[in-house]
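Structural characterization, general
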Amino acid sequence: MLAAVAIGTLVAVARTAQGPAVEQATIQNPGYRLRSIWFRGLAVVAVIGFLLSLPAFPYYTRSQLASSQHYPVTALQFAFAMPAVLPIDTPIVLDVTATDVNHGVGIYDPDGRIVAQVQAMPGYTNSLSLMLKKPGQYVVLCLEYCGIAHHLMRAGFEVR
Ligand SMILES: [Cu+2]
């Protein structure tokens with residue numbers, strides 16, 4: 001059965017190839033026109049999608065950053081030094097650094113979903129801007145292997 005379909009397809013292709021010779025441009029030009037329309041359509045969809053998603057842009061403007069409350073977070077083998085309580089529904093900035101080696105700071109909401117992550121690097125401060133919207137106990141885990149007790153590197157804070 002499969003062989004019959006394959007042979008039938010080959011015969012159909014061979015028959016269509018037997019027609020009179022056609023200039024390449026008569027086939028090529030409609031193809032280019034179709035491709036041009038397709039490209040412009042995709043460009044319009046991409047621009048509209050970009051504009052619609054702009055309000056959800058997750059980064060603060062320069063003025064929002066300046067007016068945000070800053071909180072220091074320091075990672076070290078094998079703990080985090082950070083505030084015990086952070087405000088809810090408030091733009092905040094975590095100024096994250098490390099004292100020894102690179103660490104990863106992963107922040108998990110009370111449902112266990114990761115809401116933010118940033119690198120903690122010695123000699124450098126990463127500013128992580130975020131707004132925490134759920135009240136409750138958040139968990140902070142190290143996301144980068146940093147030594148023998150990396151798996152014990154766990155902290156938490158309350159959002160209220
Ligand atoms: Cu670690």
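Below you will find a few notes about this structure. (Residues numbered from 1 in each chain as written. Predicted model: local features only at pLDDT ≥ 70, side-chain atom pairs only at ≥ 80, totals over all residues. Heavy atoms only, no water.)

What about the nonpolar core?
One finds Phe80, Leu94 and Phe157 to be the most contacted residues of the largest nonpolar core, which totals 26 residues. Of all the secondary structure elements, the ones that give two or more residues to this core are strand S1 (69-76), strand S4 (92-98), strand S5 (103-108), strand S6 (114-120), strand S7 (126-130), strand S8 (136-142) and strand S9 (154-159). Ranked by residues supplied to this core, first place goes to S4 with 4 residues. Setting aside anything within four residues of it in sequence, one finds Leu94 in contact with Tyr71, Val73, Leu86, Ile107, Asn126, Ser127, Leu128 and Leu130. (Core = buried A, V, L, I, M, F, W, Y, C linked by side-chain atoms within 4.5 Å. Buried < 20%, exposed > 50% of the residue type's maximum accessible area, 1.4 Å probe, protein only. Helix = DSSP H or I, 4+ residues; strand = E, 2+ residues; numbered from the N terminus. Contact = heavy atoms within 4.5 Å.)

Points about the coordination of the copper ion
Around the copper ion, the donor atoms from the protein are Cys142 (SG), Glu144 (O), Cys146 (SG) and His150 (ND1), and they sit 1.9 to 2.5 Å away. Because the angles between the 4 donor atoms bound to the copper ion fall within 82 to 124 degrees, the donor set is best described as irregular. If you list the donors of the copper ion from N- to C-terminus, the spacing comes out as C-x1-E-x1-C-x3-H. Exposure remark for Glu144: the relative accessible area of 27% places this residue in the partly exposed category. (Donors = N, O, S within 2.8 Å, 3.2 Å for Na, K, Ca; no water. Tetrahedral: all angles 85-135°; square planar, octahedral: opposite > 155°, others 65-115°.)

Here's the deal with the sheet that holds S6
Taking strand neighbours across the sheet as the criterion, the 5 strands line up as S3-S9-S8-S5-S6 in an open arrangement whose pairing is mixed. Whereas interior strands pair on both sides, the edge strands pair on one side only; in this sheet they are strand S3 (85-86) and S6. As judged from the 6 bridges shared by S5 and S6, these two strands associate in the antiparallel manner. Residue pairing in the sheet places Val105 in a bridge with Val118 of S6. (Pairing = 2+ DSSP bridges.)

Some remarks on the packing of aromatic side chains
Scanning the model with the defined rule gives 1 aromatic pair in all. Between Tyr138 and Phe157 the ring centres are 5.3 Å apart and the planes differ by 15 degrees, which places this aromatic pair in the stacked class. Taken together, the residues span a long stretch of sequence, with Tyr138 in strand S8 and Phe157 in strand S9 at a distance of 19 residues. (Phe/Tyr/Trp six-rings, centres within 6.5 Å; stacked < 30°, edge-to-face > 60°.)

Things to note about the pairing of S1
Where S1 lies against S4, 7 bridges are found, and the strand directions are parallel. Note on S4: the bridge partner recorded for Gln69 is Ile92. By the bridge criterion, 3 bridges tie S1 to strand S2 (residues 79-81) in an arrangement that is antiparallel. Its bridge partner being in S2, Ala75 is matched across the sheet by Phe80. Counting the residues in the hairpin turn of S1 and S2 gives 2 residues.

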